[in-house]
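Commentary on secondary and tertiary structure
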4 protein chains.
Amino acid sequence: MTITPPALSVFETLESEVRSYCRSWPAVFDRAQGSYLYDEDGHTYLDFFAGAGALNYGHNNPVLKRALIDYIERDGITHGLDMGTTAKRAFLETFQNVLLRPRDLPYKVMFPGPTGTNAVESALKLARKVKGRESIVSFTNAFHGMSLGSLAVTGNAFKRAGAGIPLVHGTPMPFDNYFDGTVQDFLWFERLLEDQGSGLNTPAAVIVETIQGEGGINVARPEWLRALADLCKRRDMLLIVDDIQMGCGRTGPFFSFEEAGITPDIVTLSKSIGGYGLPMSLCLFKPELDIWEPGEHNGTFRGNNPAFVTAAAALDAYWSDGQMEKQTLARGEQVEQALTAILDEHGGESIVSVRGRGLVWGMEFADKSRAGAVSKRAFELGLLVETSGPESEVVKLLPPLTVSPDELDEGLRILARAVRETA
Amino acid sequence: MTITPPALSVFETLESEVRSYCRSWPAVFDRAQGSYLYDEDGHTYLDFFAGAGALNYGHNNPVLKRALIDYIERDGITHGLDMGTTAKRAFLETFQNVLLRPRDLPYKVMFPGPTGTNAVESALKLARKVKGRESIVSFTNAFHGMSLGSLAVTGNAFKRAGAGIPLVHGTPMPFDNYFDGTVQDFLWFERLLEDQGSGLNTPAAVIVETIQGEGGINVARPEWLRALADLCKRRDMLLIVDDIQMGCGRTGPFFSFEEAGITPDIVTLSKSIGGYGLPMSLCLFKPELDIWEPGEHNGTFRGNNPAFVTAAAALDAYWSDGQMEKQTLARGEQVEQALTAILDEHGGESIVSVRGRGLVWGMEFADKSRAGAVSKRAFELGLLVETSGPESEVVKLLPPLTVSPDELDEGLRILARAVRETA
Amino acid sequence: MTITPPALSVFETLESEVRSYCRSWPAVFDRAQGSYLYDEDGHTYLDFFAGAGALNYGHNNPVLKRALIDYIERDGITHGLDMGTTAKRAFLETFQNVLLRPRDLPYKVMFPGPTGTNAVESALKLARKVKGRESIVSFTNAFHGMSLGSLAVTGNAFKRAGAGIPLVHGTPMPFDNYFDGTVQDFLWFERLLEDQGSGLNTPAAVIVETIQGEGGINVARPEWLRALADLCKRRDMLLIVDDIQMGCGRTGPFFSFEEAGITPDIVTLSKSIGGYGLPMSLCLFKPELDIWEPGEHNGTFRGNNPAFVTAAAALDAYWSDGQMEKQTLARGEQVEQALTAILDEHGGESIVSVRGRGLVWGMEFADKSRAGAVSKRAFELGLLVETSGPESEVVKLLPPLTVSPDELDEGLRILARAVRETA
Amino acid sequence: MTITPPALSVFETLESEVRSYCRSWPAVFDRAQGSYLYDEDGHTYLDFFAGAGALNYGHNNPVLKRALIDYIERDGITHGLDMGTTAKRAFLETFQNVLLRPRDLPYKVMFPGPTGTNAVESALKLARKVKGRESIVSFTNAFHGMSLGSLAVTGNAFKRAGAGIPLVHGTPMPFDNYFDGTVQDFLWFERLLEDQGSGLNTPAAVIVETIQGEGGINVARPEWLRALADLCKRRDMLLIVDDIQMGCGRTGPFFSFEEAGITPDIVTLSKSIGGYGLPMSLCLFKPELDIWEPGEHNGTFRGNNPAFVTAAAALDAYWSDGQMEKQTLARGEQVEQALTAILDEHGGESIVSVRGRGLVWGMEFADKSRAGAVSKRAFELGLLVETSGPESEVVKLLPPLTVSPDELDEGLRILARAVRETA
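Analysis parameters
Residues numbered from 1 in each chain as written. Chains lettered and ligands numbered in written order. Predicted model: local features only at pLDDT ≥ 70, side-chain atom pairs only at ≥ 80, totals over all residues. Heavy atoms only, no water. Axes fitted to C-alpha atoms, helices over the stretch in contact; angles between N-to-C directions. Helix = DSSP H or I, 4+ residues; strand = E, 2+ residues; numbered from the N terminus. Parallel < 35°, antiparallel > 145°, perpendicular 65-115°, else oblique. Contact = heavy atoms within 4.5 Å. Nonpolar A, V, L, I, M, F, W, Y, C, P; charged D, E, K, R; others polar. Buried area = accessible area lost by both parts, 1.4 Å probe. Salt bridge = Lys/Arg side-chain N within 4 Å of Asp/Glu carboxyl O. Polar contact = N/O pair within 3.5 Å; in protein donor to acceptor, adjacent residues only side chain to side chain. Least-squares fit on C-alpha atoms with pLDDT ≥ 70 in both. Disulfide = S-S within 2.5 Å. Buried < 20%, exposed > 50% of the residue type's maximum accessible area, 1.4 Å probe, protein only. Pairing = 2+ DSSP bridges. Core = buried A, V, L, I, M, F, W, Y, C linked by side-chain atoms within 4.5 Å. Lys, Arg positive; Asp, Glu negative; His and termini not counted. Bend = angle between axes of the 7 residues up to and from the residue.

**Some points on the packing of helix 9 (residues 187-194) of chain C against helix 10 (residues 222-234) of chain C**
All names here are of chain C.
- Put simply, helix 9 and helix 10 touch, their axes get as near as 12 Å, and they point 5° apart. When the axis of helix 9 is compared with that of helix 10, the two are roughly parallel. Contacts between helix 9 and helix 10 involve F189, E190 and L193 on the former and, on the latter, L228, L231 and R234.
- Residue composition of the contact of helix 9 with helix 10, by class: four nonpolar, no polar and two charged.

**Here's the deal with the interface of chain D and chain A**
- Listed per partner, the contact involves 31 residues of chain D and 31 residues of chain A.
- Each partner contributes to the roughly 2700 Å² buried at the junction of chain D and chain A, and carbon and sulfur atoms together form 59% of this total.
- Broken down residue by residue, the surface that chain D buries against chain A is led by Y178, W188 and Q196 of chain D, which jointly contribute 22%.
- Along the contact surface separating chain D from chain A lie zero salt bridges.
- The interface formed by chain D and chain A contains 16 residue pairs in polar contact (both at pLDDT 80 or more).
- For the side of chain D that touches chain A, the secondary structure elements donating two or more residues are helix 8 (157-161), strand 6 (170-173) and helix 9 (187-194) of chain D.
- Taken together, the residues of the side of chain D that touches chain A sort by class into 15 nonpolar, eleven polar and five charged.

**As for the relation of the copies chain D and chain A**
- For the pair chain D and chain A, the superposition axis carries a translation of 0.0 Å, the fit reaches an RMSD of 0.0 Å, and the rotation angle comes to 180°. Each copy turns onto its partner about a two-fold axis. Ranked by how close their C-alpha atoms come to the rotation axis, the residues of chain D are headed by V168 of chain D, at 3.0 Å.
- Both copies present the same face, since 100% of the interface residues in chain D are matched by interface residues at the equivalent positions in chain A.

**Focus: the state of the cysteines**
- Across all of its chains, the model carries zero disulfides over all chains by this definition.
- For C232 of chain A, which is in no disulfide, the shortest distance to another cysteine sulfur is to C283 of chain A and amounts to 16 Å.

**Here's the deal with the pairing of strand 15 (residues 360-365) of chain C**
Residue and element names in this part refer to chain C.
- Summarising burial for strand 15: six of the six residues are buried, a large majority.
- Residues V360, G362 and E364 of strand 15 are buried on one face, and the alternating residues W361, M363 and F365, pointing to the opposite face, are buried as well.
- Sheet topology note: the strand 14 (residues 351-357)/strand 15 ladder contains six bridges and is antiparallel. Across the sheet, residue V354 finds its bridge partner in strand 15, namely M363.

**What about the sheet that holds strand 14 of chain C?**
Residue and element names in this part refer to chain C.
- The antiparallel open sheet is built from four strands, whose spatial order is 14-15-18-17. Strands at the two margins of the open sheet, each flanked by one partner only, are strand 14 and strand 17 (386-388). Strand-to-strand twist across the sheet, computed as the mean angle between neighbouring axes with direction ignored, equals 25°.
- Helix-sheet contacts for helix 14 (residues 405-421) involve strand 14, strand 15 and strand 18 (394-397), and the interaxial angle to strand 18 is about 170°.

**Re the nonpolar core**
- F95 of chain A, F95 of chain B, F95 of chain C together with F95 of chain D are the most contacted members of the largest nonpolar core, which totals 457 residues.
- The contacts of F95 of chain A, once residues within four sequence positions are left out, are L100, V109, F255, L269, I273, L282, L284 and L315 of chain A.

**Some words on the sheet that holds strand 15 (residues 360-365) of chain B**
All names here are of chain B.
- One open sheet accounts for four strands, arranged 14-15-18-17; its pairing is antiparallel. Both edges of this open sheet fall to strand 14 (351-357) and strand 17 (386-388), since each of them pairs with a single strand only. Averaged over neighbouring strand pairs, the angle between their axes works out to 25° when direction is ignored.
- Each of strand 14, strand 15 and strand 18 (394-397) touches helix 12 (residues 323-350); the most contacted strand, strand 14, lies at about 170° to it.
- Strand contacts of helix 13 (residues 368-380): strand 15, strand 17 and strand 18, with the helix running at about 125° to strand 15, the strand carrying the most contacts.

**Some remarks on the side chain of R160 of chain C**
- Topologically, R160 of chain C is positioned in helix 8 (residues 157-161).
- Buried charged residue R160 of chain C carries no salt bridge. Nearest counter-charge: E134 of chain B, at 9.4 Å.
- In terms of polar contacts, R160 of chain C uses its side chain to reach the backbone carbonyl oxygen of T154 of chain C, at 2.7 Å.

**Details of the pattern of salt bridges**
- Under the defined criterion, the tally for this structure stands at 132 salt bridges over all chains.
- R74 of chain A is the partner of D30 of chain B in a salt bridge, and the nearest nitrogen-oxygen pair spans 3.2 Å. Placement of the pair is D30 of chain B in strand 1 (residues 29-33) and R74 of chain A in the loop between helix 4 (62-73) and helix 5 (86-103), with the two residues belonging to separate chains.
- By relative accessible area, D30 of chain B is classed as buried at 18%.
- E386 of chain A is paired through a salt bridge with K396 of chain A; the nearest N and O atoms lie 3.7 Å apart. Residue E386 of chain A is located in strand 16 (residues 386-388), and its partner K396 of chain A is located in strand 17 (residues 394-397); the two are separated by ten residues in the primary sequence.
- Looking at K396 of chain A, the relative accessible area reads 1%, which means it is buried.
- Among the charged side chains, a salt-bridge network with shared partners connects E17, R19 and R23 of chain A together with K108 and D290 of chain B.

**Some words on helix 12 (residues 323-350) of chain A**
Residues and elements named next belong to chain A.
- At D344, helix 12 is bent by approximately 65°, the largest bend along its length.
- Within the sequence span of helix 12, burial applies to M324, T328, R331, G332, V335, L339, I342, H346 and G347.
- Taken together, the buried residues of helix 12 touch helix 11 (305-319), strand 13 (351-357), strand 14 (360-365), helix 13 (368-380), strand 17 and helix 14 (405-421).

No statement about biological role is implied by the geometric values presented.
As structure tokens, this is what we get:
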């Protein structure tokens, strides 16, 4: 495939220097369908990035598209703040019937604004209000968002520095396997909590991702998550699972924490919850935590009704039975085999590890800059894959959950070639 | 009109206690068109609330709807992070040609995430980074958002308390006319800045709304804004105008600060910028401030392409000439006359003042609880009007800019009746 | 008098650049008695500085000296933390009998560590604990100390910058007469408190000096202090009077707030409380505020028993009757007349104002650098006077309270000459 | 010995509830000499507490007492702020000749105010100014003082809670042997520093005690200190050794870090530096760090000249040769043998460990309340010993360095008896 340098002029002259993806992928995208994007010059790209996890059901999924257009055509409410609407009711009922009841999850549902960071901010506010404490424990290489509350519990030094103020009230603890299994889980955390002289401000809550996506596809073991949930309970801290990237079926089950068998006190959802890539987010919490006063947290776009429509349609279409979970786990095995083959081909000196679960996978390179080179070469070969990790040393695979085995195979072959050609 | 108690059960049982509007307006809305909403029981509501300013072009505006459906039908990119897309390019070009160039505004454009608070957070980050200082000056009764960065420069005590941590790095100054003209403008602020012993941490920036919407429809005079801009320049502070609610033509001109003839260093836009009520926001700043590193601020939904489509369509349809501004000012006169008539009817003991500009107006009641009663009665009579102000003592009128004179007249008559019937 | 450049070598080579007074007064002082210091080269200096207010009873006051040497000779406890000692008991009894009972002051007494900033830190801690709020209101040009808690409520920008972290939780309000009487007292403060949208974090306490010494000898009127006390009561804030420099008789009565007839909730004392210039400080508070847990605040040198001895001796010798207060007020009139004469001689273009009370006086110069020149020339002429104010524009007179009329006259004549010779 | 309940009335009625030692030791002390205190009822107490380390040379040491009385008698300067005085010069010269030169230590000397917490506050300010960062790393069970800057790097939860504001900008790391040797030294700390995604704000400095006194007599190994110094150097952090309690010969050498052979960037001294128990403290730092502006940190009692006199006399008398260090180490062996004997007598079920160095020792009890009981019984038997550790589970021995072998023996026998009688 030949890439003609695209006419990026207005992006370069008018858009801020903060823009980022358009630098890695110098194309002007026009259309998309399923697992593919198309740029204005006629090039086709297989998408193993899926809107950073916001497009689990693929681009412009026809089932959701139909529901969305119907809703718009009939002049359904578009913007509704937190007014009662038929679309919202339908979503809530579906959410309850398809997700909460079958899983025996007791959550109340809050619409905190349509972005992930809105959800995290509301979760942290609620936890602090409930416990009357300021401090939050997060984990190394966590990513929770870019507004100041969320950024304070995010690990990345570059992103933190952007705050322009010292980020306080958060303390990082080692994520699972941070010391390659040489240190007992929660040794440090537990000791700090039990020692009255440790200097740790008693936390209101712990916020955790079950798999750290931005942090480099770091996969927490179910037993680690269970031990964390237990620790939170014993030490009177709320457990917040940020399921923004790993929820909505990314790891197999709808909620990524299902495998561990835990019930977090608070859960945040965003990205793929709207189904179609439309902005939407939720904050879920146990009913006894619902001590919010009316309007104590709000946001203009917290009632993005078109997203409620596609969200409900997606739950109906994909989560009424266990098929989606099974399929994702099967696809995951396909990915794992292919990545293991690449690992075997190149050996441990080049590739530190491959890791993942369901349809989120990472391949970490010993030469940290290699991951970027692989991603760049893949783009030239028609595959979109992102890097992640603190030094962008991990190639991150996040295909749509609706990807077909053939598409998966195609993408994995391109990836293998890109690895080979950057050796 | 008779309102049957609607079936709110799932809202009451499943949705968090934080919900708010649905308590004032106990209906389940289903459809909307132009200036009207329709609930599922067949009731019609004239909307003088307009999505808290997010629906300046009315509900489901047919011009924008056409563009939106066409885009969805043809599988245009829905979710694009900050990748280059044809929809984004079209928006940027339109924004430049229709808004920036004719006004000689030099701004770079940043997509900080699709909500107002994302935009404010990015503006504050940038100001702090540029100036290397933490402190921000805001004004009494300011409202800038609910994530922690924005909340720290918001005045409302109830909303601030929700943070659960002490909100720091912000200092409030008196907004225009805070002392009814008895104190010279900026006397306190200027003195704090010039006095090396004042105890004020030198601010990186000042953030201001030209009219405080949530704060009670407090209208800053153009000369006050000019003096503020001058103070910022003399004292090396950046001036941020938060035009999220008052921009997009609400006060007449597209940017609310145009009347004052100032050019803020940073401008935030959201709410009606997307045109159709879809989540979108912008942060604009002078090119010399664009010192962002790529990806230093980001957000999953910062590339909400359907909103780019409706945003561009709205600019094309309504801002290619000066008609919209003229029309809004004319409609504003109509509102002012009607409100003045109500004021005259009830006298100063009941109604403290009516105030506004363009199509944003407030009527403050001496008995603070009266405003809520008026709003409630108006709802029963088929008119949606919100209250604002620190103690919800102001009835706030925010009709769509596309409201017709007859619709305006209808709503104002309902309002007059509601005032009369709550006497 | 001729000053030989002193041998400062070890100060210059070994002592930190942070040293300050030794730069203005390049002498090596050796002995002192009453109102005079003597350097090692035989020069004599009349002291109108009095250890920045720590030597109200003059240098090496013979009455206190006798008590001190007796105590040391008989091996009285020197260092006692907060153990019970006979010296501490004697001090407490004297403090109660001589100061508290006759004035009907209900205070409990805390020994928070021997420096002023220890006392302020303890006062702020207690206020925050009692009220359960973080925020403290201080005043423009306040000075309360250099440790982080005290520094956060101190006005001086240069000193604040030394913190190296953003100083938060404090908000400055205009001190009395900050706007030369053109703005109603507490207009801004009261409005911020009553407006639920003002953005002021509700304060736990207000901390105030009755006369700001470091801030430039700014004298609060008794009616302003009474209005402040009333405001604190009405708005449920504790009133802390920092009487470290202005207490111990400096303004006439023992406590500087006596003239206003108010009873602060918390009072800090240091500097001259020990009598002899030995480190000692107290924090006084109403009994109902004494909710400290044992050891919740402490400090190694909080039981500096030799200071207790000289403190008790000073109270006995000078405060058993009303003589000291009368004498100080009489001396103050002498100073005022002399300063007024200087003002009259030089006129308002040179000297902005003379102001003070009791034996604390300031003379502000229009040409701000003039104050330093006057101080320098006075030193050459054998008089020690300090400057104060945010830009060191005020010559500050702080003679010992034990100064004789002749000594006062001598010093004031030198001052007049220094002013004349720097014209 | 029979203890008559002393007349504590004025302490109980007038002194704040914050008083602490006087509750454990219900006596009214009157005189003291060498290793003994005497109460007003004629009881004698052997002092293994030594003013919490402020009386290393014993009570009212006759050599220092002579120098002190001579100085007072001849009207030497008592209170000098940071003016040049002959007493200060003599101290500085002695400090340089006796301590710095022989040890090849390059430090500049700052007088930050006379208490330990003043010294720590100045050290933290300087480190933040030099590095331009806010964050400080401290250690579990650290104690650095009670003003807000120092308290933020102190571990004890009870003391931290007294702040009344969230304490931020400090992060605790595990002190040496925190995990009983099962975790590699600095594993967590080093990893946080090298991981760009760890979430640790880059520290300006690390503050450490070589032996944690208040924290429970936790002894850092020389190799651990060396590794810490190396880590600081490699990672561009300043190393602050807080030698307030462990310096001045307590562990053997004058500076407690000498044994490790490191040269910290900044050192704080207080407690015994004044020799006689008079308030005094120092902050020492490498010359290249001396970027203070004149007066950027100050304090009224930073020039406590009588303390300079006794400080110089103590250095002259005890540190001109290596005798003191040898003697302390010998005495330490005597203590260790006696404590080991007690340990052997009672076994590991009762006594967790005995630990210490030089003349600071701790005995930790399995039953945490036992330590308090031992201390109480020892008091009844005429011995003053304090407890320490986060739950006061450690009996702490801190006899004067001038203690005689017989006195040591006497005290250790009382201790053994107290342990026995509380079994």
